[in-house]
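# Tertiary structure, described
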Amino acid sequence: MKPPSLRTGVRWKISIAIAAVGALVAIALSLVVHNAARVSMLGNARDVQMERLLFAQRMYESAKPKTDPKFGAKLNDPALPEQLDELMADRRRGTYVQEHPEGPPDVWAAVPLGNGDVLSLHSQFASRSTTIMKDLDEALIVGSVSVVFGGCALGVLIGGQLSRRLRKAATAAGKVAQGNTEVRVRDAIGGVVRDETDELARAVDALTDALNERIEAERRVTADIAHELRTPVTGLLTAAELLPPGRPTELVRDRAQAMRTLVEDVLEVARLDSASERAELQEITLGEFVERRVVALYPDAVVRVVHESWVNTDPRRLERILGNLLANAAKHGRGPVEVTVEGRVVRVRDHGPGFPEALLREGPSRFRTGASDRAGHGHGLGLTIAAGQARVLGARLTFRNAAPTGTARGAGGAIAVLWLPEHAPTTTGSFPVLHLPDTP
């Protein structure tokens, strides 16, 4: 089992990246500045220490008689660091910084005298310099934190713009996937700046255009083939009526009628795919209408009106949806078939094995009759036509399986639910504009 993946937005990824880079740069620069300042201040301290020692040397060598060295200098100091001892052995003067685990370092200076003695001077690093280094470190820390937060803010700003463009592109692509082929991703994202998002949008738009052309070509071919088949199929059906009575004649007539139904269904699907169908609206009482139509189409079905409602819809298309849902329940399910009307919602349920998983996952698909546990016969256009007619009505048709009540798995039955809209589409295919009263 795969562990759940952590989902993060683009804006936060960019913000974290910019903040991380800013932190690394700030830390690196802070270390460089700190070390450079420390080295510079220690170098100045060593120069000052050497100048003081040379002045003390001149005072010591010019004194008559000889006195102790002045200004804190010492002769042959036993605490002289080993590094300066080596320089003195070579008769060279020098300075040395002696570090301590705690506290400021000591700054040493030593010069060899003509009689073989060594004159040295040492003192702690100036407290003023230590304070300056401390203030510098605090300033570097504040600057680094400011850079990190500034980088986060910049990342949120840049990432937010990119994230908004990507979300707009995803929304537009989703509308295209739902069948709104007029939407263009490039127009949806807008903006003046051109970046990779625009390239993605143009690629999606080009893919959409190519798919639309292919789908339209396939629809035209399907419609043309079905249209050309109408005449020979009608002739075949007429010829079958002239055959003498008998079992073979009944089989021929049955197959000819099935072929004619298939051709008509294919033509209807082609018209629905072309989005040229328009609803002819009428005000009807939904419960009464469904009850009368179900009795005529499938008398064995049980109709129950929970709540009556007036709807503005196309009765012919609504009857077509009901007929296909009832035919599907009768063909692939088991009785009793129940039809429930509640307000603007119509439910059709059977007690068979339920809809196949592919249909629940992807929706109705033409020429797919479903799994073998739902009989597997028919041409698979009934639910496709029902879904297409529902779109023309501005309605929503959903499919689900009822929870099994017995021991047999999947024996709960199939449920198709038609949700009629509160405001049906107009005869032009659009939705009416509502004029609301002005509020005080």
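Not measured: the values here are computed from a predicted model.

## Description of the packing of helix H8 (residues 315–332) against helix H10 (residues 382–392)
Think of two packed helices as two axes; the pair is described by the angle between the axes and how far apart they sit. Contact geometry for H8 and H10: axes closest at 9 Å, N-to-C directions at 155 degrees. Between H8 and H10, the angle falls in the class roughly antiparallel. For the crossing formed where H8 meets H10, the hand is left-handed. Between H8 and H10, the contacting residues are Arg317, Arg320, Ile321, Asn324, Leu325 and Asn328 on the first element and Gly382, Leu383, Ile385, Ala386, Gln389, Ala390 and Val392 on the second. Here the contact of H8 with H10 is built from residues that sort into 7 nonpolar, 4 polar and 2 charged.

## Points about the packing of helix H7 (residues 286–297) against H8
Where H7 meets H8, the axes come as close as 10 Å, and the angle between the chain directions of the two elements is 50 degrees. Considered as vectors, H7 and H8 are oriented oblique to each other. In the crossing of H7 with H8, the sense of the turn from one axis to the other is right-handed. Across from Leu286, Phe289, Val290, Arg293, Val294 and Leu297 in H7, the residues of H8 making contact are Pro315, Leu318, Glu319, Leu322, Gly323 and Leu326. Among the residues forming the contact of H7 with H8, the class breakdown is 9 nonpolar, 1 polar and 2 charged.

## Overview of the environment of Leu360
Here Leu360 lies in helix H9 (residues 357–362). Given the relative accessible area of 30%, Leu360 is considered partly exposed. The sequence separation of Leu360 and Phe399 amounts to 39 residues, and the corresponding C-alpha distance is 6.2 Å. Each residue touching Leu360, except ones within four places of it in the same chain, is listed here: Phe355, Phe399, Arg400 and Asn401.

## Things to note about the environment of Leu80
When you line up the elements, Leu80 lands in the loop between strand E1 (74–75) and helix H2 (82–89). When the C-alpha atoms of Leu80 and His122 are compared, they prove to be 9.0 Å apart, with 42 residues separating the residues in sequence.

## Topic: H8
Along an α-helix, residues three or four positions apart point the same way, because every turn accommodates 3.6 residues. The end-to-end C-alpha separation of H8 is 26 Å, in line with the 26 Å expected for 18 residues at 1.5 Å each. Every buried residue of H8 is accounted for by Pro315, Arg317, Leu318, Ile321, Leu322, Gly323, Asn324, Leu325, Leu326, Asn328, Ala329 and His332.

Scoring rules and cut-offs
Residues numbered from 1 in each chain as written. Predicted model: local features only at pLDDT ≥ 70, side-chain atom pairs only at ≥ 80, totals over all residues. Heavy atoms only, no water. Axes fitted to C-alpha atoms, helices over the stretch in contact; angles between N-to-C directions. Helix = DSSP H or I, 4+ residues; strand = E, 2+ residues; numbered from the N terminus. Parallel < 35°, antiparallel > 145°, perpendicular 65-115°, else oblique. Left-handed = near helix turned anticlockwise from the far one by under 90°. Contact = heavy atoms within 4.5 Å. Nonpolar A, V, L, I, M, F, W, Y, C, P; charged D, E, K, R; others polar. Buried < 20%, exposed > 50% of the residue type's maximum accessible area, 1.4 Å probe, protein only. Expected span 1.5 Å × (residues − 1).

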